Amino acid sequence: MGTIIDRFEGHEGPVRGVDFHKTQPLFASCGDDYTINVWSLQTRKRLFTLTGHLDYVRTVFFHNDLPWIISCSDDQTIRIWNWQNRQEIACLTGHNHYVMSAQFHPKEDLIVSASLDQTVRVWDISGLRKRHSAPSGALNTTNAFEDQLARANGPPQDIFGNTDAIVKYVLEGHDRGVNWASFHPTLPLIVSGGDDRVLKIWRMSETKAWELDTCRGHLSNIMCCIFHPFQDLIISVSEDKTIRTWDLNKRTPVQQFKREGDKFWYIAAHESINLFAAAHDSGVMVFKLERERPASTVYQNSIYYINREKQVKFFDINSNNESLPLLSLKKIGSQWVPFRNLSYNPAERQILVTTKSADNQNIFELISLPKDASGAIEPSETSRGSGDQAVFISRNRFAVLLKSSQTIEIRDLGNSITKSVQCPISNVKDIVYGGPGLLLVLGAASVVLFDVQQKKTISEIPVSNIKYAVWSNDGQHLALLGKHTITITTKNLETVSSLHETIRIKSATWDDTGVLIYSTLNHLKYSLLNGDNGILRTLQNTLYMAKVKGNSVYCLARGGSIKVLKIDPTEYRFKKALVSKNFHEVLRLIKSSQLVGQSIIAYLQKKGYPEIALQFVQDAQTKFDLAIECGDLKEAFEQAKELGKPAAWKILGEEALAQGNHDIVEDIYQKQHDFDRLSFVYLATGNIGRLQKMEQIADHRNDTAARFQTSIFLNSVDSRIQLLRDAGLYPLAYSLAKSSGLTEVAREIIEESGVDESAIKISITDTSSDAITGVSHETHKSNWPLRKTSLSFFEQALLGKVEALSLEDEPEQKTNAETANGDFDEYEDELQDEDGWDLGAEDLGIEDVEETDEKVDSNIDITVGSSETELWLRNSPVAADHVAAGSFETAAQLLNRQVGIVNFAPLKKRFLEVYRGSKLYLPANDGLPPLTFYARRPDEKVLPFVHGYESLGETLQEAYKLVASGNQLQLAIETFREILQTIVVLSVPSEAEAKECQKLIEICKNYILAFSIELKRKSLPPTDVKRSLELVAYFTKPKLQKRHAHIPYMVAMKESFSKKNFASASFFASEYIKIMEGVDDDDSDRSVNERVRARNAKNIAQAKALKAKADASPLDAHEIDFDQYADFDICPSTLTPIYEGTSSERDPLTGAKYHVSERGKLCSITQLTSIGAPASGLRLFA
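Remember, it's a predicted structure, so these values are computed and weren't measured experimentally.

Participant: Outline the overall build of the protein chain, listing residues and values.
Facilitator: Along the protein chain, the regular secondary structure elements total 29 helices and 57 strands. Here the protein chain holds 1182 residues, and the buried ones make up 49% of them. Intrachain contacts of the protein chain at a sequence separation of at least 6 include 48% that bridge at least 24 residues. Approximately 58200 Å² of the protein chain is accessible, and the part contributed by carbon and sulfur atoms is 48%.

See below:
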């Protein structure tokens, strides 16, 4: 960015003009050496030089369509050149002073020129186009003759032979020399500027041209002026050291930029994007006139944004439809300054926008959106104020940042200041919504999470120059975006990871799986929480990301339009699954996706999964390295054969030897002709036959040392003696034979050597009785298991061996709790032989029950060899039936896989009740054990009768009475939990009764949650008013039965009113009145007698009176995280809202929603189940 690519040298003296061809890799230059040079961008060399001018050449430009170049010079001429045949095709004369600029019209056959003779001239070159575009040759002789005749009868040529370019208009009006003139890209307008310090705008028609207006403001000579490519603006530069912009319609100045010490000489505009370049005394500056990022915000599945026409629109992600404009904001703020930020309040359907006013002051505007998108109407309800940034922080409050005073103002929807706090850090740049009542304060050197209600800093992280902050969908993580850095933190601003990009980072958003997707100037990328990142796709133009859903990325283009990009999320989902050790997902992605590329292979190697990387590689060398790394000798051997490199064989040999695979070691040593090592391998494996063959090979090779070594390995004395005799070493041969007790051989050696035995004077001891034991072990028949190697999970799965695969390491001994938390098969009626929860059945006199997974006919008669309890186990997938049979282990497994139960301690009492209640004992004769009779259901199925269903209604009514008492809520909660514990260990005879039990579970869930909230509220200290008000509001969310539905609203109404939260009190009072009036209108409720009706009427009257008082001042004194219009659930663990569209986990038994952070913890409702555990659903009916 901003670096020199190359230097082109060829002119003598200053270079005054340069122009690039729009389609060809060419550019032209001109200078004070009277020449025009044409250069190649590919070879970086000068192609040719055009000569003909007699003085300095001022400007040079290419034609948009034709192979022409136009130049103007101090020789008072304008010349047109054909750069293909390198010839001058026209010379335009008429100016009587230096020609300072000349250029083609972008679409028409016109030229505009400016001269120091104080005129602007417009030339018609249509004749030149006709002459140089007309066909020629033998096939067009008729036309050629007509052209010659027309030229012969035409006007006489001047000295330059110019008859094809004529002056169409001479524009006079400047008082001094004109330095520049430009055409408008689409309109019949011309702008000119000169030494008289004024800009003049001219209009053309078919027959005449006239001055339209004059713009004054520059203090010195205007050197260049152009029209904005796609806006109604004029941009000019001057020797007064300023760049100025002018409103083309009003002819008034819009903005100016001054550079101290440098005069500006030239200005150029990019034809399609918002980039401009200005040349000054010290160099070139590239700049933008305005901010290009559209103001936008995302709420659930809608994107609200402001387009280039300053219209508010929204895009529905679910239907992929763009709305009609909701509002037109053209009258808000300055016409030429775009909106910087947009904040949306869904409860009140209002937006906050920030921009600059006409007097260049930062302002915000509070605007109400219409209900329907009927067109770009003007806003009817607006409130304005001064501020650099404004964001909603709750349903009826928003925060405004004032950089000048470094303060944050809290305002209500009436735009009245309710609170003003000092910024917690210095040099605050921006503020971002940080949660209900919280703000993220972005400073120059740090980011702070600030509680505006309590005026205290919650947390802080030292990061510099953060421009944007993006929350994850579940609110658990935050991405802080700088110019070239991204820092990922937790919600408490604890650093998780960070990354650096060399290219500027533009935007970011989170997908539903917790992966950050971000964009740079030219790429779309991703980052995992651990910092691993990669490229998803290349961007043609810069885009600003708004939302990721599935494989679609919803972005905003610089023009303020929605662009939907398709991405392949497989790579980052694969990596995330690998990092999270979600191996089932990894296997699914391997089988269903096309994961390729060196980046994936390198990533898998880096993370220690070479066996997975092996599945994606085609290169033999890479495949060999991976096979060695994961110990796959078979694959490595195949790739080594393909490579054929000695180094590969050596590496493979060492790995095979380490694994004890001597078969491969033998093959490798044979291929390498490494006979010494091969002989040793045969010795180590006891392969006598191969050792003898090695001896023969050594003899064939005349390798005496190898023969001798092999004979030692074979313990062959005869072979060694013969070798010594063949070598002429008779003394050694004689000594060896003599010491080995081979007297005859020793005599033959003496005779062969011609030495008298009596002359030998050495002492030799006979060691024949101490013969060395030969090789007695033969381990060459199978490989040695020196290193334990086994197929990984992935290798087994890819080979189809997925039965009974476990991804977890097998512990040496499982505890009861671990067994209860274990993985289970998806079929409920298949029982695993695992250690389950042990209730101490031996101490209770319970005999072991033989478990079986076989399915039998439910109507089968009891026969010899099958006990009653065995048939119960076979016939039922219901946990209660297994408990009745005494198989507590299989019952625990069923409850774990069906509803995720992991805490079995509260069920001990219920287990024993069911087990004991399934049998009857009849006393027998003295000395004999009692006779056992089993309690069966009344139907024909061979299944036990499990009691408990008949008492559920009575227990529920008891719980209701405790609720109604108001002072025994903890006991009521325990009673509701007792109902849940009864239901999970219950078996019913029909599907209808099973459905009734499910309804009871839902009732218990709501009551336990509601009154847990109320108990928590009552336990708070009196000083924690905000939390108390939040909890009393959340108390109203669980759905209680009709007889109790009014209780939460009554409590919320009173508490809110007493704490001066009058707006909330009014809402709760309205809801309370509706419920109470509904009770009175319900004639079917016969339990409502006249006394109760009178009491209800009194309560309604009191509620209406309270509501009237609250409505008199409908404001809340305390900001709370409660939106009465939003759809949300309450997390039973944290007692905080879970809004619709936010990621959550569920309790497998009750369906209660929890925050994602609670996954794996014990459910607060049931105190039995694991939150988010995989479950197939509770079975109560077999």
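Participant: Provide a residue-level description of the sheet that holds strand β8 (residues 87-93), including the pertinent values.
Facilitator: The strand order across the open sheet formed by four strands is β5-β6-β7-β8, and the pairing between neighbours is antiparallel. Of all the strands in the sheet, the pair left with one neighbour each is β5 (57-62) and β8. Between one strand axis and the next, the sheet turns through 20° on average, direction left out of account. Sheet topology note: the β5/strand β6 (residues 68-73) ladder contains five bridges and is antiparallel. Within the sheet, the bridge partner assigned to T59 lies in β6 and is C72. Set on the sheet, helix α1 (residues 126-133) makes contact with β6, β7 (77-82) and β8; between it and β8 the angle comes to about 160°.

Participant: Could you give me a rundown of the packing of helix α13 (residues 704-714) against helix α14 (residues 717-726), with the residues and numbers involved?
Facilitator: It is the contact of α13 with α14, at a shortest axis distance of 9 Å, that shows an interaxial angle of 160°. Considering their axes alone, α13 and α14 lie roughly antiparallel with respect to each other. In the crossing of α13 with α14, the sense of the turn from one axis to the other is left-handed. Counting all contacts with α13, which are made through T704, R707, F708, S711 and I712, the residues of α14 involved are S719, R720, L723 and D726.

Participant: Let's hear about the nonpolar core: which residues, and what values?
Facilitator: Counting 97 residues, the largest nonpolar core has L895, L907, F976, I983 and F1011 as the members making the most contacts within it. A total of twelve residues in this core trace back to one element, the largest contributor, which is helix α25 (residues 991-1019). Sequence-distant contacts of L907, that is, excluding residues within four places in its chain, are made with L895, I901, Q981, V984, V985 and L1168. Of all hydrophobic cores here, the second largest spans 41 residues; its members include C72, A90, F276 and F287.

Participant: Which residues make up the pairing of strand β46 (residues 516-520), and what are the values?
Facilitator: Counting buried residues in β46 gives five out of five residues, a clear majority hidden from the surface. Side-chain alternation along β46 places L516, Y518 and T520 on one buried face and I517 and S519 on a second face that is also buried. Relative to β46, strand β45 (residues 505-510) runs antiparallel, the two being bridged by five bridges. Note that in β46 the partner of T509 across the bridge is I517. Counting the residues in the hairpin turn of β45 and β46 gives five residues, including G514, whose phi is positive at 85°. Pairing of β46 with strand β47 (residues 523-527), which is carried by four bridges, proceeds in the antiparallel orientation. For S519, the partnering residue across the bridge sits in β47 and is L524.

Participant: Mind laying out the environment of C225, listing which residues take part and the relevant values?
Facilitator: Relative to the helices and strands, C225 resides in strand β17 (residues 222-227). Given a relative accessible area of 0%, C225 falls into the buried group. Sequence-wise, C225 and T245 are 20 residues apart; in three dimensions their C-alpha atoms are separated by 9.7 Å. Residues in contact with C225, not counting those within four places in the same chain, are W180, S182, V191, S192, G193, L199, I235, S236 and I267.

Participant: Account for the pattern of salt bridges, naming residues and giving values.
Facilitator: Opposite charge on two side chains allows them to pair when their charged atoms are near. Overall, the coordinates contain 34 salt bridges when judged by the stated rule. A salt bridge links D74 to R58, with the shortest nitrogen-to-oxygen separation between them at 2.7 Å. With D74 in the loop between β6 and β7 and R58 in strand β5, this residue pair connects regions lying 16 residues apart in the sequence. A salt bridge links R558 to E292; its shortest N-O distance comes to 3.2 Å. Pair noted here: R558 is in the loop between β50 (552-557) and β51 (562-566) and E292 is in the loop between β23 (283-287) and β24 (296-299), with a separation of 266 residues, a long-range link. Put simply, E1014, R1017, E1055 and K1059 are held in one network by salt bridges that share partners.

Participant: Could you give an account of the packing of aromatic side chains, naming the residues involved and the relevant values?
Facilitator: Tallying each qualifying case throughout the model produces 32 aromatic pairs. Ring geometry for F20 versus F27: centroids 5.3 Å apart, planes at 40°, classification tilted. On the basis of relative accessible area, F27 is assigned to the buried category, the value being 7%. One aromatic cluster is present, built from ring pairs that chain together Y1034, Y1049, F1067, F1068, F1122, F1128 and Y1139. Sitting above the plane of the W210 ring, K208 keeps its charged end 5.4 Å from the centroid.

Participant: Before we move on, could you go through the environment of F911 and cite the residues and values that matter?
Facilitator: Here F911 is to be found in helix α22 (residues 908-916). On the basis of relative accessibility, which here comes to 0%, the residue F911 falls in the buried class. Remark: the alpha-carbon pair of F911 and A891, spanning 20 residues in sequence, is separated by 9.5 Å.

Participant: Mind laying out the sheet that holds strand β16 (residues 209-216), listing which residues take part and the relevant values?
Facilitator: Sheet architecture is open: four strands sit in the order β13-β14-β15-β16, paired in antiparallel fashion. Looking at the sheet topology across the chains shown, the edges are occupied by β13 (178-183) and β16. Adjacent strand axes in the sheet meet at a mean angle of 20°, parallel and antiparallel pairs treated alike. The pairing of strand β14 (residues 189-194) with strand β15 (residues 198-204) spans five bridges and is antiparallel. Bridged to V191 within β15 is I201.

Participant: Describe the environment of L438, listing the residues and the values that go with them.
Facilitator: Tracing the backbone shows L438 in strand β38 (residues 438-443). In this structure, the C-alpha to C-alpha distance between L438 and A399, residues 39 residues apart in sequence, is 9.8 Å.

Parameters and conventions
Residues numbered from 1 in each chain as written. Predicted model: local features only at pLDDT ≥ 70, side-chain atom pairs only at ≥ 80, totals over all residues. Heavy atoms only, no water. Helix = DSSP H or I, 4+ residues; strand = E, 2+ residues; numbered from the N terminus. Buried < 20%, exposed > 50% of the residue type's maximum accessible area, 1.4 Å probe, protein only. Contact = heavy atoms within 4.5 Å. Areas by Shrake-Rupley, 256 points an atom, 1.4 Å probe, with all protein chains shown as cover. Pairing = 2+ DSSP bridges. Axes fitted to C-alpha atoms, helices over the stretch in contact; angles between N-to-C directions. Parallel < 35°, antiparallel > 145°, perpendicular 65-115°, else oblique. Left-handed = near helix turned anticlockwise from the far one by under 90°. Core = buried A, V, L, I, M, F, W, Y, C linked by side-chain atoms within 4.5 Å. Salt bridge = Lys/Arg side-chain N within 4 Å of Asp/Glu carboxyl O. Phe/Tyr/Trp six-rings, centres within 6.5 Å; stacked < 30°, edge-to-face > 60°. Lys NZ or Arg CZ within 6 Å of the ring centre and 35° of its normal.

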